[in-house]
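Chain and residue survey
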Amino acid sequence: MIALVLVAAAVKFALVVREAIMMLVEPGRKVENSGDDLAAELDNAGDAASDVPLVGDLLKRPLQSAADASTGFGDAGQSLQDAVSQIATLTTTALIVIPVIFVLLLWLPRRLRWIRRSGDLRRLVDAPGGADLLALRALTGPPGDLAGLQAPPGGLVDAWRRGDRQVIADLSGVALRRAGLRP
């Protein structure tokens, strides 16, 4: 559960950082739009200048060159947007992948060991004499775990030695709960 919360927090944080980085796209968008608008206006001015008698072609050429140059501003704005987008993607990926790998490296091996031990304990419960071994495990563990059990006359150890099925079941349940399993 904690691992899922940590992964969810990492994803949430990465998405917040991505949104913050993506705000840097706006200047690139403005540069691109301004460059494209300037190119279009200079193109229009060049077309209008070509209608001027005698010098129209002379006026059109520099305006057309300026229009071509201003498309470079639009391209630069687009390049800035692409770069910011790539940085945002890489940062988001890193901010998600690194914590997930860290959590998995810390959590997954322990979880797999617990699963293996749980399977061993479950097989032990079903094996002949397994409940007795689990009861012994409970008796040799921390005494606080036994506080909730009803002690028969003579005590839990004496009842276990006599083979009292109810006491053995109760004690094996304590051992299973201590391991994180339901009896």
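Everything discussed here concerns the structure shown above.
Residues numbered from 1 in each chain as written. Predicted model: local features only at pLDDT ≥ 70, side-chain atom pairs only at ≥ 80, totals over all residues. Heavy atoms only, no water.

**Some remarks on a nonpolar patch on the surface**
As a reminder of what qualifies: Note that patches include only residues with greater than 30% relative accessible area and no salt bridge, and the join distances are 9 Å for like charges and 5 Å for nonpolar side chains (Val, Leu, Ile, Met, Phe, Trp, Tyr). Surface accessibility in these figures is a Shrake-Rupley result with a 1.4 Å probe; residues are shielded only by whichever protein chains are displayed. Criterion for a salt bridge: a side-chain nitrogen of Lys or Arg within 4 Å of a carboxyl oxygen of Asp or Glu. Elements are defined by DSSP. Helices are runs of H or I of four residues or more, strands are runs of E of two residues or more, and each kind is numbered from the N terminus.
A cluster of nonpolar side chains, contributed by Phe-102, Leu-104, Leu-106, Trp-107, Leu-108, Leu-112 and Ile-115, occupies part of the molecular surface with about 650 Å² of accessible area. Its place among the elements puts Phe-102 in helix α3 (residues 56-126).

**Some details on the side chain of Ser-70**
Condition: Definition of a polar contact: a pair of N or O atoms within 3.5 Å, with one able to donate and the other able to accept a hydrogen when the atoms are protein atoms, and with sequence-neighbouring residues admitted only if both atoms are side-chain atoms.
Summarising the element assignment, Ser-70 is placed in helix α3. Polar contacts involving the side chain of Ser-70 include one to the main-chain amide nitrogen of Ala-39, which spans 3.2 Å.

**A word on the environment of Asp-170**
For clarity, the cut-off: Any two residues whose heavy atoms approach within 4.5 Å are treated as being in contact.
The residue Asp-170 is located in helix α6 (residues 165-178) in this model. For the pair Asp-170 and Leu-149, spaced 21 residues apart in sequence, the C-alpha to C-alpha distance is 7.3 Å. Ignoring sequence-local partners within four residues, the contact set of Asp-170 consists of Leu-149 and Arg-177.

**A few points about α3**
So the rule is basically this: What a helix is expected to span follows from its residue count: subtract one and scale by 1.5 Å. Note on bend: at a given residue it equals the angle between the axes fitted to the 7 residues ending there and to the 7 starting there. Only protein chains enter the area calculation, which uses a 1.4 Å probe; residues under 20% of their type maximum are buried, those over 50% are exposed, and those in between are partly exposed.
Taking 1.5 Å as the rise per residue, α3 with 71 residues should run 105 Å; its terminal C-alpha atoms sit 100 Å apart, in good agreement. The largest bend along α3 measures about 30° and falls at Trp-107, with the proline Pro-109 one to four residues further on. Within α3, the full set of buried residues consists of Gly-56, Ala-67, Ser-70, Gly-74, Gly-77, Gln-81, Val-84, Ala-88, Thr-92, Val-103, Ser-118 and Leu-121.

**Focus on a positive patch on the surface**
Let me state the cut-off plainly: Counted as positive: Lys and Arg. Counted as negative: Asp and Glu, with His and the chain ends omitted from the count. A charge is said to be at NZ when it belongs to Lys, at CZ for Arg, at CG for Asp and at CD for Glu.
On the surface, a cluster of positive charge is made up of Arg-110, Arg-113, Arg-116, Arg-117 and Arg-137. Per element, the largest residue contribution to the positive patch is 4 residues, and it comes from α3. Along the chain, the position of Arg-113 falls in helix α3.

**Focus: the pattern of salt bridges**
Counted according to the given criterion, the structure contains 5 salt bridges. The partner of Asp-132 in a salt bridge is Arg-165, with the nearest N and O atoms 3.8 Å apart. Placement of the pair is Asp-132 in helix α4 (residues 130-139) and Arg-165 in helix α6, with a sequence separation of 33 residues. On the accessibility criterion, Asp-132 (26% relative accessible area) is partly exposed. Residue Arg-165 is classed as exposed on the basis of its relative accessible area of 54%.

**Some remarks on the packing of α3 against α4**
Filter applied, for reference: Here, axes are lines fitted to C-alpha atoms. For helices the fit covers the stretch in contact, and angles between N-to-C directions go from 0 to 180 degrees. Working definition: roughly parallel below 35 degrees, roughly antiparallel above 145 degrees, roughly perpendicular at 65 to 115 degrees, and oblique for all remaining angles. All residues other than Ala, Val, Leu, Ile, Met, Phe, Trp, Tyr, Cys, Pro, Asp, Glu, Lys and Arg, Gly among them, are scored as polar; the first ten of these are nonpolar and the last four charged.
The interhelical angle for the contact between α3 and α4, taken along N-to-C directions, is 120°, at an axis separation of 6 Å. Taken together, α3 and α4 sit at an angle that is classed as oblique. Residues Leu-121, Leu-124 and Val-125 of α3 pack against Gly-130, Ala-131, Leu-133, Leu-134 and Arg-137 of α4. Looking at the contact of α3 with α4 residue by residue, the classes come out as 6 nonpolar, 1 polar and 1 charged.

**Observations concerning the environment of Val-125**
Structurally, Val-125 can be placed in helix α3. Relative accessible area serves as the criterion here: at 29%, Val-125 is assigned to the partly exposed category. In this view, Val-125 contacts Ala-131, Leu-134 and Leu-176; residues no more than four positions away in its chain are not counted.

**Topic: the nonpolar core**
So the rule is basically this: The criterion is simple. A nonpolar core is a set of buried Ala, Val, Leu, Ile, Met, Phe, Trp, Tyr and Cys residues joined through side-chain atoms within 4.5 Å.
Residues Ala-138, Leu-146, Leu-149, Leu-156 and Leu-171 are the most contacted members of the largest nonpolar core, which totals 16 residues. If you list the elements that add at least two residues to this core, you get α4, α5 (156-162) and α6. Element by element, the count of residues in this core is highest for α6, at 6 residues. Look past the residues within four positions of Leu-171 in its chain and what remains in contact with it is Leu-134, Ala-135, Ala-138, Leu-139, Leu-146, Leu-149, Leu-156 and Trp-160.

Bear in mind that shape data such as this cannot, by itself, settle questions of function.
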